[in-house]
Amino acid sequence: MDCKHSRSLTFQGVFRVHVEMLLSAQTFVGQVLVILVFVLSIGSLIIYFINSTDPFGSCSSYQDKTIPIDLTFNAFFSFYFGLRFLAADDKVKFWLEMNSIVDIFTIPPTFISYYLKSNWLGLRFLRALRLLELPQILQILRAIRTSNSVKFSKLLSIVLSTLFTAAGFIHLVENSGDPWLKGRNSQNISYFESIYLVMATTSTVGFGDVVAKTSLGRTFIMFFTLGSLVLFANCIPEMVELFGNKRKYTSSYEVVKGKKFIVVCGNITVDSVTAFLRNFLRHKAGEINTEIVFLGEVPPSLELETIFKCYMAYTTFVSGSALKWEDLRRVAVDSAEACLIIANPLCSDSHAEDTSNIMRVLSIKNYYPNTRVIIQILQSHNKVFLPKIPSWNWNTGDNIICFAELKLGFIAQGCLVPGLCTFLTSLFIEQNKKICPKEPWQKHFFSGLKNKILTQRLSDDFAGMSFPDVCRLCFVKMHLMLIAIEHKSVCHGYCGLILNPPAQVKLRKNTLGFFIAESAKDVKRAFFYCAVCHSDVYTPELIGKCSCKSKNPRHKTGTTVTVMRNSGREHSGPKTQDSSPATPMSMASNLSLTTRAFLYEMERESDHLDSSGMFHWCKATPLDKMILNRTEKSKHEFRNHIVACVFGDAHSTLMGLRNFVMPLRASSYTRQELKDIVFVGSLDYLQREWRFLRNFPQIYILPGSALYSGDLHAVNIEECSMCAVLSSPSKSSSSPTLVDMEPIMATLNIRSLRISCSAQTPSEPRCTRCFSDNPGKSKYRRIPILTELKNPSNMHFIEQLGRMEGDLSGMSLHLSTSFATGTVFSGSFLDSLLATAFYNYHVLELLQMLVTGGISSQLEQHLDKEKFCGPNDSYSTVSPGRMRCKLGLLSLNQTILSDIQPRRTFGQIFCGSLDNLGVLCLGLYRMIDEDERNPEHKRGVYAGVEGAGHAQARGPKRRHSV
């Protein structure tokens, strides 16, 4: 008996499973059944509309053809109802489903009407609720494909089913009357009049020509009015917006002959569009003739629409995807000046963001290979896919802006040269606010923020001259700072940039120069310079286009330079009374090629470089050998090292620490100059990064956290030259403030550590950074720190920790004391590089060389990709790589600059160091105030000709070594 019962249960279970599979919308039979039920339900509803023209209850004869038709429909509904019941897992819940309720109240009345020969409509109007399945039917039939069309169909089905059902109820109660009055207050109204009454009620107009007379009808109207106000107030405007946007943003962009335009796609949001427009339009304010076509995958929000309306003279929005050729055709990518792809740096999955943007590039290049593409990439290891695209061409302006590479490169250079992050960032930011400085140091700092990196073709009169001679002439006569040129390398055979080249490099005609200046108008002086007409001119404003038509075909180097060097008319700028300590930020040129080659040949046996000769290299080191143990601190007495605090776990996205290490292992530094790098963070995260770091020497890892003081002391942080606090890998956060929670807490923890002056490193003279909270007590110094913030608005948390008087409260990051002193960095300004790369990709090339250790896109094309960062097989490639210049801080009193005289002004330091040493001074890193008002001896960055050139640069009261 039990066996039979068990077999019965098994058979029922198998039967139920088969029925459930049969009814599934994923199967063909299930889809056919769903469509058939929907079509028959609409047919039954139409029959209801036809029969509702007669009184609500009427006698019928067999001649009425609608009765058997409706009976057939309901017979099929009964069969489908039975199948659904058998397939239901929860039988009780099945009876409460909406479709079950519809069948319960509509199927029996049909059979009863046929049996009684009385066409009683009853609750057959509930068949209108089947309209809610309209979106599903349209998707099965593939009549709708986009998210907007699905959303529109859902809203439409809700509105229609609500109207028809409400009208059916009014039609029922008004024709039947109140039951307790036995129908004496009934009125004979048609179904159309019922819909009219519902629409008038919904719109709150109420004309009064058709009204509800029964108590049930009036009660229903009261509740329906409240519900419909909420329902239709949300649905109708959204439907209108969807329909309007579809018509508004699906049209094609009309190309006008002679009018330039660019296409921008990718992360089209309020923040990204605002940042892009601000940076793009500022480059040529008042003369923008390039229209911007935004290609967005979703219709713009109301806030984004407002932005487009504010810039309607420059912008057009088209709804579509860069992955579809049809949409690329609608925005005329083949006629665009360039296609710019914006990335989302705050996304939760950086790899997915990069791959989606790379797919966009691939789609664009496949559609039209000659399209110039500029793309933002978040992770550096994803860059390698782009040059592999057959139509990718660096020479036509295709470019990559890698956030990780640039951001970590900035921070690495800030560890080597304190304040360099501020100096370089200030050259790419634009301040629109009117600033009223309160302190003298703020006046010089804000003046330096006006400077930018600009390019200009040099006058042919400079041909044959050496770079130091041209640089000095530009500085003294034109108040321009020439820092690099574009030069064709004889050794490598490619045209690339050279930073502060040595005197052996002679300029040629049509040479491109890179300047630090305030405006493009100023750098035009280098193009108009004439050796005949401007030889005796020392006022920059007078150097312009001259009428001289008989220029010398070849300009002799010695003539002008000799006059300049012996005239003594150096650009010294106005003198100030500030005698604050100053440390020039310089770009050291190289010694003679013969001397440098000899020195490097001596180091050949002990110094290993990669195949490019650009970076120090070593054999792959196992991770376990470089992991530090807190209990064995004596084994690694780190001094003058770099501590990098990293946050991440086993599941965090890799930030690419290789980009942080490479500038610190550039071959322009000798092996003795390399500083130990100690990473403090989760071992689960760092071991995932180690495969990219294992070929760089002197890299150590301490498993721990910067939030724990014991781990910081374990790496001897009190003796470090710089502590870099890197922001957390991308995480989804509900608050913009919380994205920087860990770096801010780590900064608080590190700044709370007070180190006695007796614990200073040998490289830092005593009491340079010492301070005392109370007079008469022992002095302490703070640990040098550089904190990265993802959200620049979180700057005020760091500013509060500084306790610096005279801060400009309420200002942006780039106007804060923390930024001026070089203790805070934010990569938010990298958004501006997209516009910079479009207008002048040479500037981006220069920035990449400055922060990445010397690698540029041109150099990457000529390096063996398979051997890159591998061992160096031939020493012949080492010398050119190591001969490049390097950035550094030089004290006026303790370095090679101590012999330069006179040196009361920045102009004198600039000319003296350039003439005697080949060192190019870029700015000053000077005390921002007097000792009594600057107890922590904070230093500020003063950049550029106008910002730093007018500042006094006398030696420090207390010597400062870096």
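Check the entry above for the structure.
These numbers were taken from a predicted model, which means no experiment stands behind them. Going along each chain's sequence as written, the residues are numbered from 1 onward. Owing to the predicted nature of the model, reporting of local features is limited to residues with pLDDT of at least 70; listing and counting of side-chain atom pairs is limited to 80 or more, with chain, interface and lining totals taken over all residues. Side-chain metrics rest on all non-hydrogen atoms present in the structure, leaving aside hydrogens and water.

Let us look at the overall build of the chain. Per the convention used, a helix needs a DSSP run of H or I reaching at least four residues, while a strand needs a run of E reaching at least two, with both numbered from the N terminus. Of regular secondary structure, the chain possesses 33 helices and 25 strands. Buried residues are those whose accessible area, probed at 1.4 Å on protein chains only, stays under 20% of the maximum for their type, while exposed residues exceed 50% and partly exposed ones sit between those limits. A burial count over the chain gives 54% of its 962 residues as buried. Considering only residue pairs separated by 6 or more positions, the chain has 76% of its internal contacts joining residues 24 or more positions apart. Shrake-Rupley sampling with a 1.4 Å probe provides the accessible areas, and residues are treated as covered by the protein chains on show and by no other component. Accessible area of the chain: about 43,700 Å², with a carbon and sulfur share of 57%. Note on definitions: a residue-residue contact is assigned when non-hydrogen atoms from the two residues lie within 4.5 Å.

Glancing now at the packing of helix H14 (residues 403-416) against helix H29 (residues 841-852). Between H14 and H29, the shortest axis-to-axis distance is 8 Å and the interhelical angle comes to 50 degrees. The orientation of H14 relative to H29 falls into the category oblique. When you trace H14 past H29, the crossing you get is left-handed. Contact residues: H14 offers Glu405, Leu406, Gly409, Phe410 and Gln413, while H29 offers Leu847, Gln848, Leu850, Val851 and Thr852. The angle between two axes is taken between their N-to-C directions and runs from 0 to 180 degrees, where each axis is a line fitted to C-alpha atoms and a helix contributes only its stretch in contact. The scheme is simple: roughly parallel for angles under 35 degrees, roughly antiparallel for over 145, roughly perpendicular for 65 to 115, oblique for anything else. Note on convention: the crossing is left-handed when the near helix lies turned anticlockwise from the far helix by less than a right angle, right-handed when the turn is clockwise.

Here the focus is the state of the cysteines. Cysteine sulfur atoms are paired as a disulfide whenever they fall within 2.5 Å. All chains considered together, the criterion is met by zero disulfides. Sulfur of Cys471: no disulfide; nearest cysteine sulfur belongs to Cys474 and is 7.0 Å away.

The strand order E5-E4-E3-E6-E7-E8 describes an open sheet built from six strands, whose pairing is parallel. Edge positions in the open sheet fall to strand E5 (315-319) and strand E8 (399-402), since each of these has one partner strand only. Strand-to-strand twist in this sheet, taken as the mean axis angle between neighbours without regard to direction, amounts to 20 degrees. Two strands pair if DSSP finds at least two bridges between them. Of the pairings in the sheet, the one linking strand E4 (residues 290-296) to E5 comprises five bridges and is parallel in character. By the bridge assignment for E5, Leu295 is matched with Val318. The sheet contacts of H14 involve strand E7 (373-377) and E8, and relative to E8 the element is tilted by about 50 degrees.

Residue Pro902 is bonded to the preceding Gln901 through a cis peptide linkage, with omega at -10 degrees. Relative to the helices and strands, Pro902 resides in the loop between strand E23 (886-889) and helix H32 (906-917). Of note in this structure, Asn510 is not a glycine but carries a positive phi near 60 degrees. Mapped onto the elements, Asn510 comes out in the loop between strand E11 (495-499) and strand E12 (512-517).

Okay, the packing of aromatic side chains next. Two aromatic rings from Phe, Tyr or Trp, using only the six-membered ring of Trp, form a pair when their centres are within 6.5 Å; if the ring planes differ by under 30 degrees the pair is stacked, by over 60 it is edge-to-face, and anything between is tilted. All chains considered together, the criterion is met by 30 aromatic pairs. Ring geometry for Phe76 versus Phe79: centroids 6.5 Å apart, planes at 45 degrees, classification tilted. Taken together, the residues Phe76 and Phe79, both in helix H3 (residues 66-87) and three residues apart, mark about one turn of the helix. For the ring pair Phe276 and Phe294, a centre distance of 6.2 Å and an interplane angle of 85 degrees mean the geometry is edge-to-face. Of the two residues, Phe276 sits in helix H10 (residues 270-282) while Phe294 sits in strand E4, which places them 18 residues apart along the sequence. For Phe276, a relative accessible area of 3% gives the class buried. Here the aromatic residues Phe276, Phe280, Phe294, Phe308, Phe317, Phe838 and Tyr839 are joined through ring pairs into a cluster of three or more. Above the plane of the ring of Phe77 lies Arg127, whose end atom (NZ or CZ) is 3.9 Å from the centre. When the ring centre of Phe527 is taken as reference, the NZ or CZ atom of Lys524 above it lies at 5.5 Å. The rule is short: NZ of Lys or CZ of Arg within 6 Å of the ring centre and within 35 degrees of the ring normal puts a charge over the ring.

A word on the environment of Ala503. When you line up the elements, Ala503 lands in the loop between E11 and E12. Classification of Ala503 as partly exposed rests on a relative accessible area of 40%. Look past the residues within four positions of Ala503 in its chain and what remains in contact with it is Ser466 and Pro468.

Turning next to the sheet that holds strand E22 (residues 824-826). Spatial strand order, E16-E15-E14-E17-E21-E22: six strands in an open sheet with parallel pairing. The outermost strands of the open sheet, each flanked by one partner alone, are strand E16 (699-703) and E22. If you compare each strand with its neighbour and ignore which way they point, the axes differ by 20 degrees on average. Note: strand E14 (residues 642-645) against strand E17 (residues 722-725), four bridges, orientation parallel. Looking across to E17, one finds that Ala644 is bridged to Ala724.

Salt bridge, as applied in this entry: a Lys or Arg side-chain nitrogen positioned within 4 Å of an Asp or Glu carboxyl oxygen. Enumeration over the complete set of coordinates arrives at 15 salt bridges. Here Arg130 and Asp103 are joined by a salt bridge, their closest N and O atoms 3.7 Å apart. Taken as a pair, Arg130 in the loop between strand E2 (118-120) and helix H6 (134-140) and Asp103 in helix H5 (residues 98-116) lie far apart in primary sequence, 27 residues in all. Taken as a pair, Arg130 and Asp103 share a single burial class, namely buried. A salt bridge links Arg360 to Glu297; the shortest N-O distance between them is 2.9 Å. You can see Arg360 sitting in helix H13 (residues 350-367) and its partner Glu297 sitting in the loop between E4 and helix H11 (302-310), a full 63 residues away along the chain. The network of salt bridges with common partners includes Arg84, Glu97, Asp103, Arg127, Arg130 and Glu133.

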